[in-house]
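Structural overview
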Amino acid sequence: MTATAPPPAGTSSPEVTLRQIKEPQTGWLSWLTTTDHKKIGIMYLVATFMFFILGGVEALLMRLQLAVSDNTLVNPHTYDALLTMHGTTMVFLFIVPVLAGFGNYLVPLMIGARDMAFPKLNALSFWLFIFGGLVFYASLFFDPPGAGWTSYAPLSDDAYLQSGGIDAWIFLVHLTGLGSLVGAINFVATIHNMRAKGMGWGRMPLFVWAILIYSFMLILALPSIAAAVTMLLTDRHFGTAFFDTTGGGDPLLWQHMFWFFGHPEVYIMILPAFGIISEILPVFARKPMFGYKAMAAALAAIAFLGMLVWAHHMFTTPTATVVLVFFMLSSFAIAVPTGIKIFNWIATLWRGSIVFKTPLYFAAALPALFVIGGISGVLLAIFPVDWQLHDTYFVVAHLHYVLFGGTVFGIFAGLYYWFPKMSGRMLSEGLGKLSFWVMFAGFNLTFLVQHSAGLSGMPRRIYRYPEAAGWEGFNFISTVGSFLLGIGVLITVVNVIRSLKKGRRAGNDPWQGNTLEWFTQSPPPENNFDVVPLVRSVEPMKDIRREVEKSTAAEGSVAQPVS
Amino acid sequence: MPPALRSSRTTLALTGALLLLLVAAPAAFGGIFTFDEQGSQNGKDISFLYNITLIIGLVIFLVVEGAIIYCLVKYRARRGGPDAEQIRGNTPLEIGWTVGAAVILVGLTVLTFLYLGDITDPPASSANGYQAAEGVQFATRDQPKPPGNGALEIDVNGQQYMWRFDYPGSLKGEAERLYSFYEMVVPTNTTVTLNITASDVIHSWWIPTLGGKADATPGYTNETWFKIEKPGIYKGQCAELCGENHADMLARVRAVPPDEFRAWAAKQGADIKAAQVGLGLQRLQGVGSE
């Protein structure tokens, strides 16, 4: 590890022949120049949480505007900018990269590797993501984009939105997309080649399975959006007419290319969260994962089917019925592996001995909330029903139950679970549980009533509505809930900042974890492991604890209670 | 710590009660869990499909939430309690719920197909409806032509930020040329087929109480239909983000008895003609005075 060179052969007198010792870098420069997967992972987590706060503030401004009918707080131009910034930030700058952050930090540790396969490419991925975010947010200083995170052509074409904001959006998609693509290839190479001795495919942690499948989906889906935004860019500035009917182009082409990326993107955003709680639930139920193989297979099945459902976002477009039927059936099919996952999580809790710590609260909330998004998803898959509900607040509620109730609760579970490993200190349980309950109440208050607003005819993306429409009650409740949700998130932010200095010391394995990251110190040293144990099951740490117990029992020692 | 334990048990019980309330509520608050009352048969069929699926969904919801809450309460780790059972799986059970989920979805598919025809295919107009001109060529691509005669065809055009309605050749001599903006006037008991397009960006035609929405896409013609029994005003608005004033792109359908429709068409047609004549005169005078 250290830079001391061995004494050169043939010299008899001990002589110092070392020419240069690389000083370990400290301070902010060490973060800027690092290629350590753990530091990169932490930078991802910090940066994405800042974007999460920004996106949240944008959401709260929209909720304030909609709290009462005929509100004049923000003008329509600003409102369109807010909805575009909110959606884009949450998808491209929070959820996808925060999962890359967890993957970066944890995948090498979980598979017993010292770093990612390509550490420098790993740093490149992170900085591409940061620059994508900066380019996008720089548009605040001239004219932010206003065509929604989907930027449907021809509205996003230069004939209707000349604003450079759309161009900033295009560059964001390019830069973050390239970052994700490079990162995904890195994950695939790492997971295929660098697993510890004994860790066959059947002994790989489910979180690593989820990141592997997330990576394959990114590699398949990202080229489509990269092509689409390039075509939009040339349509806007170089006279092409890919999406412009007056020049022989086709607006539906944009929608196909966008959703060919956009729907896999939904699974890209949820599968790693599934992986996170598949690590957490068994640990706190003190049981093995129920149906491990079915869980891994279901991830793969969801990913495969997830590539075949994109046009269910286009049920109201002029499209032949037979096409609609195909996409209805493929969307139905995806409910089966998703159902398997939910049942297996519940079966993992069944007959367990459940330890109620904060990570468990967030992890158990995921299936409880996601199932609501799943059921509304089946309703929306029936295309005649979608004709009624498409582009209403029912869809807004559906997607937030999936992405907030699902992914964000999963991310918070992961934060509470792995923070001790990353920082060496525990988060406060009291603040954690308080944060959970405030978020849980605020979330449901915000989004449950949005189903009703949609059912009674409120379209999404409108900056105001008349009193006569009768949507004020729903919207007011939703706004109150959204601020409660914001407070819940802030409690966790306070918890994290406070615990960095004042948290109880965690030790190597505070939760009695199952996977290899708990084998090393908290926080792990730069080389991760001095020795990598032989992996003999899907729960190597459980084996190691058993071994320790056996050997200490043989010596008649009662040094450490293990179970 | 018993107080914390008790308080989280109370919260669990409260959550349970809340979920129960959610199930009991549809009867008490119609229009919150279901669609508003529909004014056209396709809307009623869509509403029925939604209700059936919602009920199946609520049962699944209760089973899942019930199981989660039961496990969390029953299997909480207790001092001196039983150890966790090291169960790694149960193949018959796993196959069971996989097949079970698939069977439910096959059931939903069959149900959807049973109702699909009634939703997509326009029916014939009723005998007491407006009798439109015979032998009209319907510009249909995917949606079949309504059986018999007497259906009224309207071209809907979305433009930033208003709706234009043109009544092409199917009128029976009430007016030479007929169009309107914002308000579409239609006869009751008459099948009205809509050819929907847009002339700038994508819009979406939607009257929530008259069946589903259909995107108005430049370069394409989308189709839908409705047949209204009760006279009245049916309000809606554009449902696809189309620019800054998207929220103000309103539309309404006014359904009136056939006689009243005839009178309206004649007057509106005459007004349009008068306006055109007036415009022509203005232009002539303008040329003369130059």
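Our subject is the structure listed above.
What you are looking at is a predicted structure, and each value in this text was computed from that prediction instead of being measured.

A look at a nonpolar patch on the surface
Residue and element names in this part refer to chain A. Together, Val68, Leu445, Phe476, Ile477, Val480, Leu484 and Ile487 line one region of the surface with nonpolar side chains, adding up to about 540 Å² of accessible area. Considering every element that reaches the nonpolar patch, the biggest residue donor is helix H14 (residues 472-502), with five residues. Residue position: Ile487 is located in helix H14.

What about the packing of aromatic side chains?
Under the criterion given, the structure shown has 68 aromatic pairs over all chains. Aromatic pair A:Phe362 and A:Phe409: ring centres 5.8 Å apart, planes at 40°, arrangement tilted. Note that A:Phe362 is positioned in helix H10 (residues 358-381) and A:Phe409 in helix H12 (residues 393-423), a separation of 47 residues in sequence. Residue class for A:Phe362 comes out buried when judged on its relative accessible area of 0%. Judged by relative accessible area, which is 0%, A:Phe409 ranks as buried. Sitting above the plane of the B:Tyr179 ring, B:Arg164 keeps its charged end 4.2 Å from the centroid. Above the plane of the ring of B:Trp206 lies B:Lys213, whose end atom (NZ or CZ) is 3.9 Å from the centre.

Brief notes about the sheet that holds strand E9 (residues 232-237) of chain B
All names here are of chain B. Pairing is mixed in the open sheet, where three strands are placed in the order E4-E10-E9. Two strands bound the open sheet, and with one partner strand each, they are strand E4 (183-187) and E9. Taken over all neighbouring pairs, the strand axes of this sheet differ in orientation by 20° on average, direction set aside. Alignment of E9 against strand E10 (residues 250-256), held across six bridges, turns out to be antiparallel. Along E10, the bridge assignment pairs Lys235 with Arg252.

Calculation rules
Residues numbered from 1 in each chain as written. Chains lettered and ligands numbered in written order. Predicted model: local features only at pLDDT ≥ 70, side-chain atom pairs only at ≥ 80, totals over all residues. Heavy atoms only, no water. Patch = residues over 30% accessible without salt bridge, like charges linked within 9 Å, V, L, I, M, F, W, Y side chains within 5 Å. Areas by Shrake-Rupley, 256 points an atom, 1.4 Å probe, with all protein chains shown as cover. Salt bridge = Lys/Arg side-chain N within 4 Å of Asp/Glu carboxyl O. Helix = DSSP H or I, 4+ residues; strand = E, 2+ residues; numbered from the N terminus. Phe/Tyr/Trp six-rings, centres within 6.5 Å; stacked < 30°, edge-to-face > 60°. Buried < 20%, exposed > 50% of the residue type's maximum accessible area, 1.4 Å probe, protein only. Lys NZ or Arg CZ within 6 Å of the ring centre and 35° of its normal. Pairing = 2+ DSSP bridges. Axes fitted to C-alpha atoms, helices over the stretch in contact; angles between N-to-C directions.

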